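The chain contents come next:
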Amino acid sequence: MGVRVRIPGPLRRLADGNAEVIVEGSTVAEVIDALDKKYPGFKQRLCDEQGNLRQFINIYHNDMDIRFAEGLATKVADNDDISIIPAVAGGIYGKKTA
Amino acid sequence: MGKIKGLKCRECGARYPIQPTHVCELCFGPLDVEYDYEYIRKHISREKIEQGPASMWRYKDILPIEDDDEIITLSEGFTPLIHAKRLGAVLGLDNLYLKNDTVNPTNSFKDRVVSVASSFAKAHGFETIACASTGNLAHAVAAYAAHSGLEGCVFIPYDLEATKVAAISVFAPRIYAVRGNYDDVNRLCTELADTYPWGFVNINLRPYYSEGSKTLTFETVEQLGWRIPDEIVIPVASGCQFVKHRRAIEELKLLGLVDDDKVPRFTGAQALGCAPVYNAFQEGTDLIKPVKPNTIAKSIAIGNPSDGTYVCRIARDTKGVIEAATEEEIIEGIELLAKTEGIFTETAGGVTVAVLKKLAQAERWKRDEIVVAYVTGHGFKTMDYLTDKKASIVEIDASFENFTKQFPP
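Engineer: Looking at this model, I keep getting lost on the overall build of chain B. Mind explaining?
Structural biologist: A count of helical and extended segments in chain B gives 15 helices and 13 strands. For 409 residues, the compact-globule estimate of 2.2 N^0.38 gives 22 Å, and the C-alpha radius of gyration of chain B, at 21 Å, lies within 12% of that figure. Summarising its shape, the C-alpha atoms of chain B cover approximately 75 × 45 × 45 Å along the three principal directions. Expressed as a percentage of its 409 residues, the buried residues of chain B come to 57%. The contacts in chain B between residues at least 6 apart in sequence include a share of 69% that link residues at least 24 apart.

Engineer: What's the story with the sheet that holds strand 6 (residues 128–132) of chain B in this structure? I'm lost.
Structural biologist: Strands in a sheet are paired, the pairing made by backbone hydrogen bonds, and the direction either parallel or antiparallel. Residue and element names in this part refer to chain B. Spatially, the 4 strands line up as an open sheet ordered 8-7-6-9, and their pairing is parallel. Here the strands that pair on one side only, and so sit at the sheet edges, are strand 8 (174–178) and strand 9 (199–200). Pairing geometry for strand 6 and strand 7 (residues 151–157), over 5 bridges, is parallel. For Thr128, the partnering residue across the bridge sits in strand 7 and is Glu151. Here helix 5 (residues 136–148) sits on the sheet and contacts strand 6 and strand 7; the angle it forms with strand 7, its principal contact strand, is near 170°.

Engineer: Help me out: how do you make sense of the environment of Thr128(B) in this one?
Structural biologist: Residues and elements named next belong to chain B. Secondary-structure assignment places Thr128 in strand 6. When the 17 C-beta atoms within 10 Å are taken as the criterion, Thr128 is described as partly exposed. When the C-alpha positions of Thr128 and Pro409 are compared, they lie 61 Å apart, and in sequence the two are 281 residues distant. The contacts of Thr128, once residues within four sequence positions are left out, are Leu150, Glu151, Cys153, Trp198 and Gly199.

Engineer: Honestly, the pairing of strand 12 (residues 322–325) of chain B in this entry has me stumped. Any pointers?
Structural biologist: Looking along a regular strand, one sees the side chains alternate between the two faces of the sheet. All names here are of chain B. Burial along strand 12 is two-sided: the residues Ile322 and Ala324 and Glu323 and Ala325 are all buried. In terms of strand pairing, strand 11 (residues 265–271) meets strand 12 through 4 bridges, oriented parallel. Across the sheet, residue Ala271 finds its bridge partner in strand 12, namely Ala325.

Engineer: Sorry, what's going on with the packing of helix 10 (residues 240–254) of chain B against helix 12 (residues 308–317) of chain B here?
Structural biologist: Residue and element names in this part refer to chain B. Where helix 10 contacts helix 12, the two axes come as close as 8 Å, and the packing angle between them is 40°. Here helix 10 lies oblique to helix 12, going by the angle between them. Crossing hand, helix 10 versus helix 12: left-handed. Contacts between helix 10 and helix 12 involve Phe242, Val243 and Arg246 from the first element and Tyr310, Val311 and Ile314 from the second. Of the residues contributing to the contact of helix 10 with helix 12, the split by class is 5 nonpolar, no polar and 1 charged.

Engineer: Where do I start with unusual backbone geometry in this structure?
Structural biologist: Negative phi is the rule for most residues except glycine; trans is the rule for most peptide bonds. Even without glycine at this site, Asp16(A) takes up a positive phi of about 55°. Considering the arrangement of structural elements, one finds Asp16(A) in the loop between helix 1 (9–12) and strand 2 (20–23). At Trp226(B), a residue that is not glycine, the phi angle is positive and equals roughly 60°. With respect to the helices and strands, Trp226(B) occurs in the loop between helix 9 (214–223) and strand 10 (231–235).

Engineer: Teacher, can you tell me more about the sheet that holds strand 2 (residues 15–16) of chain B here?
Structural biologist: Strand order in the open sheet formed by 3 strands is 2-1-3 (chain B), with antiparallel pairing between adjacent strands. Each edge of the open sheet is held by one strand with a lone partner, namely strand 2 and strand 3 (31–35) of chain B.

Engineer: Please clarify how helix 13 (residues 327–341) of chain B should be interpreted in this entry.
Structural biologist: At 3.6 residues per turn, the α-helix brings residues three or four places apart onto the same side. Residues and elements named next belong to chain B. With 15 residues, helix 13 ought to run about 21 Å at 1.5 Å a step, and its terminal C-alpha atoms sit 21 Å apart, in line with that. Among the residues making up helix 13, those that are buried are Glu329, Ile330, Gly333, Ile334, Leu336, Leu337 and Glu341. Projection of helix 13 onto a plane perpendicular to its axis shows the buried side chains occupying an angular sector of 165°, all on one side. Away from its buried face by more than 90 degrees, helix 13 exposes Glu328 and Lys339. On the buried face of helix 13, the contacting elements are strand 4 (81–83), helix 3 (85–91), strand 5 (95–100), strand 11, strand 12 and helix 14 (347–361).

Engineer: It is not clear to me how the confidence of the model for chain A should be interpreted in this structure. Could you clarify?
Structural biologist: Low-pLDDT stretches of the model should not have their predicted coordinates read in fine detail. Averaged over all residues, the pLDDT of chain A is 86; the fraction at 70 or higher stands at 89%. Across residues 89–98 of chain A, confidence stays below pLDDT 50; counting only partners more than four residues off in sequence or on other chains, it has 36 contacts.

What counts, and at which threshold
- Residues numbered from 1 in each chain as written.
- Chains lettered and ligands numbered in written order.
- Predicted model: local features only at pLDDT ≥ 70, side-chain atom pairs only at ≥ 80, totals over all residues.
- Helix = DSSP H or I, 4+ residues; strand = E, 2+ residues; numbered from the N terminus.
- Rg over C-alpha atoms; globule rule 2.2 N^0.38 Å.
- Buried ≥ 20, exposed ≤ 12 C-beta atoms within 10 Å, placed from the backbone.
- Contact = placed C-beta atoms within 7 Å.
- Pairing = 2+ DSSP bridges.
- Axes fitted to C-alpha atoms, helices over the stretch in contact; angles between N-to-C directions.
- Parallel < 35°, antiparallel > 145°, perpendicular 65-115°, else oblique.
- Left-handed = near helix turned anticlockwise from the far one by under 90°.
- Nonpolar A, V, L, I, M, F, W, Y, C, P; charged D, E, K, R; others polar.
- Expected span 1.5 Å × (residues − 1).
- Arc of directions from axis to C-beta.
- pLDDT = per-residue confidence, 0-100.

Below, the structure written as structure tokens:
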């Protein structure tokens, strides 16, 4: 139950050393808020004062870059995967080509 | 320490000790090595460099490897700077120079960055070096792993050119062919780098790896007689090297190695089939919108370039441009370079030459300006795309009679 969130190296200290955390939420924004409740200060690392995702962060929902869905409003369901990736990565569309 | 202060975030300025990380914990910006230039200034001089090894390591004082640490080297770098008189004549340039990095140990400029990264890895106790690669980097990592005795582990897109895959395989690294494009490979490796104790040269070792690129520009200036060129044309994939070349010019000045106050114009070359940086530049912004790559210039087919923003800014600040080539122009570029200068470059090099030609035809330069183009990889890497030139091949019998009849002397 809950959404599985993979925590990147730079944020693990803030997440009590965890590489994966399970939280509740029905959108990506809610998932971030849930993470912030569990680990105070978490949201501020990901989002600026306006609540927008910072420039150097990409978030993937089931391997799909949320910029190509509804951004932070993207709906998520139980057992979904969220990955937080520093943007020196890449990964557009997220579709696996056969 | 001595010459190295630590790591510094390019965005927010946060500082970190020397460690295998590439991302700021506060703002996720990229980290750069920070040097103590006062210290280095006391130890460096033109004479010392000129008496150094005939490789990029003549610049060891400005590279992030300590004096006591073993250098993993196959004598990469210090490649020829060719005065391209015949190509220049075609383009209307009397002082066109080509930095020929096709002649490196694994035939691309990646040998420079991998030499630094593998030296760092070994010095810091890594047993495995790894990478996400469009081909050239994997080739270099495989070779330098073998040469150093470290384990090699490379991640490539599954549809990489056959010649590149064969060349990588011969060194017997572990090869993972990912069902996706380079951006997918890179994202996977970014997560793996947090989980496996491997030195991903272009991920967790990126700040050290990227320093190796500077040597291309150090050498170019040295080989021009310690002169700064008017413009440098560089192919753009992630934009990593473009940023470091700009930094290299600053360092040459900071260290008193050049007297000139001039800053060269930095111009980037992309393939139209994967031109996120070109698009941003043309639109007058520096915010990169990712694209899905579709080009034969696979070694620069990065749809989501990590340093794209900085490339746009540097191009604008230095009055350079970002220009792009069509697929046909890429092949024409390879052939033009080969026919005029006897240098055989891969598709990424074809992009560079095509952009040179485009800008020359648009009369960007005065005849006597010093323009340097970086030729970053050898043509053997991308043989699959050469057009079938049967027309220039004549099949004949081993007969003197027939030949002299057909082609009278």
